[in-house]
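One-letter residues, chain by chain:
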Amino acid sequence: MNKIPELLAPAGSLNMLRTAFDFGADAIYAGQPRYSLRVRNNDFGKIAVLKQGIDTAHDMGKKFYLVSNLLPHGGKTRTYIKDMDPVIALKPDALIMSDPGLIMMAREAWPDMPIHLSVQANTVNGASAKFWRSVGISRVILSRELSFDEIEEVRQDCPEMELEVFVHGALCIAYSGRCLLSGYMSHRDSNQGACTNACRWDYKVKPGQQNGSGDVVLLQEARRPDDLMPMEEDEHGTYIMNSKDLRAVEHIERLTKMGVDSFKIEGRTKSPYYVSRTVQAYRAAINDAVAGRPFNTALLGQLEGLANRGYTDGFYERHHDKEYQLYMRGHSLSGRSLYVGETLDIDSASGRVKVDVKNRFSVGDKLEVIEPNGNTDVVLTEMWNMNGEPIDVAPGSGHFVWLKIPMNSKHAFIARYTQEPAPVETAGSCATCGE
């Protein structure tokens, strides 16, 4: 049996934390706004909420990693120890850090606190891993820009270091996290936790001239149509582009055999629904890999149902081989779904389930009920409003309805199929590839 790697999920709220653990995560990571790279959408800035999160994790036999991974200017270094002392007293399982100065200060103040080196530090080789090991770092989160071969080299060069890699979520248009585009476009610095995701805004390409020196290509951002920006390119290319999202579920077996210790899902500002779907899929992939079972291509279809900007496996494969092409074409892209609700309560007398509506759905829709112990498809035949009156449509966010749906647990998410789910195609059976 292979070593069982950790599945590490994001949490921007207590609801996300509980959802991650319910659906199979071994650990979560969360940060306080002042010292992590997620200023927005973060409930853990309140010490009482942070304590509740850490206590919940430990009560469930899980781990809570606290993120302090920004690149601090001097003012934040002077307040860090005082601000963090009461947080460390809550006993998080590790700090995730990137700045050598803060790491040194943390080592001196809390010598027994494990420290994981953030992806922000851009560790790309075994020599760097050895250095960080020498100053007391117990785990390195490798830069996203490494290939399989390069990860294996780090594993061989520094076998005593725990290694963590990202397997799902947004990719930066820069070496992991070191992006200046947000600061340039909107004066909000991504390296201080205020990234506006400017690389994902809506841009149009326009022809133009610059100082009479010839034709140039201009970018037009949707919200600033009169502010045309020249697109400049050097020998390395141009970086004002929108990356597809990382998805490496098909590579979990290979990374497990390689000895990677932790698989990380990105998305602290995403929804509990996102966490439930990603954790469920990667938990299944890890369990299959450890048990020696082949990769289940149905997991690709499950992740396609999430809102995404298209998927890529990033830098893991420099040149995709024939086997990977089968993964790309050997599964159905149908069965896409839309998150439409979260269950809140079950009325034991009537068997009806109270649902917090997130998006519109109707009687007659095919729904997927997503639970930690498995998902169920059902055609919705009845629905009631809060007064118990039959209705045909749940209009959207802000409404609550009662449904009769199969439930095996107290908490579930509901998705509406926007395309009819189809059986997974086996390799070689796709008649529409054309190649």
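Quick caveat: nothing in here was measured; it's all calculated off a predicted structure.

A.B. asks: In this structure, what is going on with the overall build of the protein? I would like to understand it.
C.D. replies: In terms of helices and strands, the protein carries 11 helices and 22 strands. A buried classification covers 51% of the 435 residues belonging to the protein. Nonlocal contacts in the protein, meaning residues at least 24 apart in sequence, comprise 66% of its contacts between residues at least 6 apart. For the protein, the accessible area works out to roughly 20300 Å², and carbon and sulfur atoms hold 50% of it.

A.B. asks: Help me understand the sheet that holds strand 19 (residues 383-384), please; the structure alone is not making it clear to me.
C.D. replies: One open sheet holds the 7 strands; their spatial order is 18-17-22-14-15-21-19, and the pairing between them is antiparallel. Of all strands in the sheet, those with a lone pairing partner are strand 18 (374-379) and strand 19, marking the two edges. Sheet topology note: the strand 17 (residues 366-371)/strand 18 ladder contains 6 bridges and is antiparallel. Of the residues in strand 18, the one forming a bridge with Lys-366 is Val-379. Strands strand 14 (337-346), strand 17, strand 18 and strand 22 (413-417) of the sheet are contacted by helix 9 (residues 272-291), whose axis makes an angle of about 75° with strand 17.

A.B. asks: Would you take a moment to explain a nonpolar patch on the surface for this structure?
C.D. replies: A cluster of nonpolar side chains, Leu-344, Met-386 and Phe-400, forms an exposed patch at the surface whose accessible area comes to about 260 Å². Relative to the helices and strands, Met-386 resides in the loop between strand 19 and strand 20 (393-394). Exposure remark for Met-386: the relative accessible area of 37% places this residue in the partly exposed category.

A.B. asks: Where do I start with the side chain of Glu-6 in this structure?
C.D. replies: Relative to the helices and strands, Glu-6 is located in strand 1 (residues 6-10). Separated by 2.7 Å, the side chains of Glu-6 and Ser-262 make a polar contact.

A.B. asks: Can you help me understand the pattern of salt bridges in this one?
C.D. replies: Opposite charge on two side chains lets them pair, provided their charged atoms get close. Applying the stated criterion across every chain, the model contains 16 salt bridges. For Asp-55, the salt bridge identified is with Lys-51, shortest N-O distance 2.6 Å. With Asp-55 and Lys-51 both in helix 2 (residues 47-59), this residue pair falls 4 residues apart, about one helical turn. Assessed through its relative accessible area of 40%, Lys-51 is described here as partly exposed. Where salt bridges share partners, they join Glu-6, Arg-139, Glu-162, Glu-164 and Lys-264 into one cluster.

Basis of the calculations
- Residues numbered from 1 in each chain as written.
- Predicted model: local features only at pLDDT ≥ 70, side-chain atom pairs only at ≥ 80, totals over all residues.
- Heavy atoms only, no water.
- Helix = DSSP H or I, 4+ residues; strand = E, 2+ residues; numbered from the N terminus.
- Buried < 20%, exposed > 50% of the residue type's maximum accessible area, 1.4 Å probe, protein only.
- Contact = heavy atoms within 4.5 Å.
- Areas by Shrake-Rupley, 256 points an atom, 1.4 Å probe, with all protein chains shown as cover.
- Pairing = 2+ DSSP bridges.
- Axes fitted to C-alpha atoms, helices over the stretch in contact; angles between N-to-C directions.
- Patch = residues over 30% accessible without salt bridge, like charges linked within 9 Å, V, L, I, M, F, W, Y side chains within 5 Å.
- Salt bridge = Lys/Arg side-chain N within 4 Å of Asp/Glu carboxyl O.
- Polar contact = N/O pair within 3.5 Å; in protein donor to acceptor, adjacent residues only side chain to side chain.

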